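Structural overview for review
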Amino acid sequence: MKLILKGHEYEIKMLLNLFFDNMQYEIVDKVCDIGISIKSIISDELYEVSYYEDGILKTVASFDKSIIDKMPYDSLEQRKISKRLLKNLTYKVAAEITNKNLPWGILTGIRPTKIVHDLIKKYGKNYEIIRKILREEYLISDEKIHLMLEIAESEIKILETNKNNEINIYIGIPFCPTKCLYCSFTSYPINKWMSHVVQYLEALEQEMRYVSESLTSKKVKSIYVGGGTPTSVNAEQLEMLMKMINKYFDVKSIEEFTVEAGRPDTINANKLNILKKYGVTRISINPQTMNNKTLDIIGRRHTVDDIFYAFSLARKAGFNNINMDLILGLPGETYDDVKETMNQIRKLNPESITVHTMAIKRASRLKETIDKYDLTKDITIREMIDMVYKEAKSMNLNPYYMYRQKNMVGNYENVGYCVKGLECIYNVEIIEEAQSIIALGAGSVSKIVYKEENRIERIENVKNVEQYISRVNDMIERKRKFFQNPENNIYK
Ligand code: SF4
């Protein structure tokens, strides 16, 4: 395929990719006599997208540019509208050629609900207008619009309580029992790395001390300990981590304290009691699937019985806010397998589930060995998503946050469902980029949010554990430099 694109390559390519599987393309200057050419241009008069086969024009969609030029918006807003319009035209041409419709329309970004919040700012809660814009300008299906609005409504309850001086803390513990097939996170096998854990925690403590001492004017709203699987470390090390968090942050006054206890084979009664003792309010036990054959394929080295056992231990330890992560589209899984997963999850009755759609990440083992696996078809994923939505609703779990990732099978979405009132604050804040997240540990990225300026600044830590341990002072220095720069206004 030949593409003739002027000044707007990236997003148009992403959109075309969704219509044409495994699209191989070349950017050229003019329509070619042989094969397929798609031209997407902005001229002085027109926005125009056209499709050619062997040099012959087959279909075209265009829009008069002067209409946009006359709109009473600043140049930034005009650019946004132009981009949207060109994507809209590209979508229409590609849909006509391929006879395919995308549930998410022209959306290629990862935060669909952000658009709803922006529209609410502009039009208030006039959902008729908002629905019309999402349907006609973004070409989103009614079903996904319903999901977006349902989630945005739920998020507003959290976002409305946000105060300017609040921050959220993320702490990364990058160790796991084994590496899952699809994983691209910073994660080190605990058996090989056990001897590094104490050094890692000591380095983390230095970073934690700096953050706590330098941001005394801020109130911590939530703490999220993720990874990796933080409960991979032994009980003594876990207690060291918990003590440290309690020493540097006023855990009693924060609204939510989550620890990912993701892999059931890393949990025991002792570790769960430690988490409870030090103020953890929410944990995650993440089966991904409740089918033993799939657990085996994805390299989890535990069984469905282990998940039931870990869950019962967590209940016994007093946890009444437990999340379970699931993935739709795991290699070899059918609709019936997912239905079985939901049947098992129903027995456990967790307070929330987070349902991901399989994403083939560049740095994963799955990507490297993809030919070996039987991946779920787009249409089946769509059916799985619909079924899980209904199942979650029937368990009294409602969608409360959502995001999308690159390279998701079928280009769908990840959705968090929960019992009303137990929405994970951290998840909503990070996805809506509504409050700053100060992130500590290897591979973590702090995000400083400047709401009024519509701006986000990032401070990155190194990914490698050994480098993090040896260079923790550099990591602290990066934060210090950022915090102390008056232009960054962090203490305001
Ligand atoms: S448990 Fe999570 S972080 Fe650990 S290897 Fe699996 S996907 Fe990666």
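Here's a quick rundown of the structure. (Residues numbered from 1 in each chain as written. Predicted model: local features only at pLDDT ≥ 70, side-chain atom pairs only at ≥ 80, totals over all residues. Heavy atoms only, no water.)

1. Re the overall build of the chain
From N to C terminus, the chain includes 18 helices and 18 strands. The C-alpha atoms of the chain give 24 Å as radius of gyration, which agrees with the globular expectation for 492 residues (23 Å, within 12%). When its C-alpha atoms are laid out on the principal axes, the chain stretches across 70 × 55 × 45 Å. Considering only contacts in the chain between residues 6 or more positions apart, those separated by 24 or more positions represent 70%. For the chain, the accessible area works out to roughly 22500 Å², and carbon and sulfur atoms hold 49% of it. (Helix = DSSP H or I, 4+ residues; strand = E, 2+ residues; numbered from the N terminus. Rg over C-alpha atoms; globule rule 2.2 N^0.38 Å. Contact = heavy atoms within 4.5 Å. Areas by Shrake-Rupley, 256 points an atom, 1.4 Å probe, with all protein chains shown as cover.)

2. Some details on the side chain of Arg 282
Mapping Arg 282 onto the fold places it in strand β11 (residues 282–284). No salt bridge is formed by the buried Arg 282; its nearest oppositely charged neighbour, Glu 256, is found at 5.1 Å. If near-sequence neighbours (up to four positions away) are discounted, Arg 282 is found in contact with Tyr 224, Glu 256, Phe 257, Thr 258, Val 259, Asn 321, Asn 323, Ser 352, Tyr 400, Cys 424 and Asn 427. (Buried < 20%, exposed > 50% of the residue type's maximum accessible area, 1.4 Å probe, protein only. Lys, Arg positive; Asp, Glu negative; His and termini not counted. Salt bridge = Lys/Arg side-chain N within 4 Å of Asp/Glu carboxyl O.)

3. Topic: the packing of aromatic side chains
Inspection of the entire model under this criterion finds 12 aromatic pairs. Each ring, one from Phe 482 and one from Phe 483, has its centre 6.5 Å from the other, and the planes form 80°; the classification is edge-to-face. Across the pair, exposure class does not vary: Phe 482 and Phe 483 are buried alike. Each member of the aromatic cluster is reached from another via a ring pair, and the members are Tyr 170, Tyr 224 and Tyr 426. One cation-aromatic arrangement involves Lys 276 over Phe 319; the distance from NZ or CZ to the ring centre is 4.9 Å. In this arrangement the basic side chain of Arg 455 is found over the ring face of Tyr 450, its NZ or CZ atom lying 4.0 Å from the centre. (Phe/Tyr/Trp six-rings, centres within 6.5 Å; stacked < 30°, edge-to-face > 60°. Lys NZ or Arg CZ within 6 Å of the ring centre and 35° of its normal.)

4. Notes on the sheet that holds strand β2 (residues 26–27)
Spatial strand order, β2-β1-β3-β4-β5: 5 strands in an open sheet with mixed pairing. Each edge of the sheet is formed by a strand with only one pairing partner; in this case those strands are β2 and β5 (56–64). Pairing analysis gives 4 bridges linking strand β1 (residues 2–5) to strand β3 (residues 36–42), with the strands arranged parallel. Looking at β3, one finds that Ile 4 is bridged to Lys 39. Packing of helix α3 (residues 75–98) onto the sheet brings it into contact with β3, β4 (46–53) and β5, and relative to β4 it is tilted by some 25°. (Pairing = 2+ DSSP bridges. Axes fitted to C-alpha atoms, helices over the stretch in contact; angles between N-to-C directions.)

5. Digging into the site of the ligand
Neighbouring the ligand are the residues Cys 176, Thr 178, Lys 179, Cys 180, Tyr 182, Cys 183, Phe 185, Ser 187, Gly 228, Thr 229, Arg 263 and Arg 300. Across the shell around the ligand, the residue classes break down as 5 nonpolar, 4 polar and 3 charged. (Near = heavy atom within 4 Å. Nonpolar A, V, L, I, M, F, W, Y, C, P; charged D, E, K, R; others polar.)

6. Describing the packing of helix α4 (residues 112–123) against helix α5 (residues 127–136)
Relative to each other, α4 and α5 sit at 135°, their axes nearing to 10 Å. Relative to α5, the element α4 is oriented oblique. Seen along the crossing, α4 lies across α5 with a hand that is right-handed. Mapping the contact onto sequence places Ile 115, Val 116, Leu 119, Ile 120 and Tyr 123 in α4 and Tyr 127, Ile 129, Ile 130, Ile 133 and Leu 134 in α5. Counted by class, the contact of α4 with α5 contains 10 nonpolar, no polar and no charged residues. (Parallel < 35°, antiparallel > 145°, perpendicular 65-115°, else oblique. Left-handed = near helix turned anticlockwise from the far one by under 90°.)

7. Comments concerning α5
The complete set of buried residues in α5 reads Tyr 127, Ile 130, Ile 133 and Leu 134. Buried residues of α5 fall within an arc of 125° about the axis and therefore sit on the same side. Those residues of α5 hidden inside the fold are in contact with α4 and α6 (142–159). (Arc of directions from axis to C-beta.)

8. Topic: the environment of Lys 192
Assignment of secondary structure puts Lys 192 in helix α7 (residues 190–193). The exposure class of Lys 192 is exposed, given its relative accessible area of 68%. When the C-alpha positions of Lys 192 and Phe 175 are compared, they lie 9.8 Å apart, and in sequence the two are 17 residues distant.

9. Description of the pairing of β4
With 6 of its 8 residues buried, β4 lies for the most part within the structure. Of the pairings in the sheet, the one linking β3 to β4 comprises 7 bridges and is antiparallel in character. Each residue of the ladder has a partner; that of Ser 37, found in β4, is Tyr 52. The antiparallel pairing of β3 with β4 creates a hairpin that spans 3 residues between the two strands. The pairing of β4 with β5 spans 8 bridges and is antiparallel. Paired with Tyr 52 across the two strands is Leu 57, which belongs to β5.

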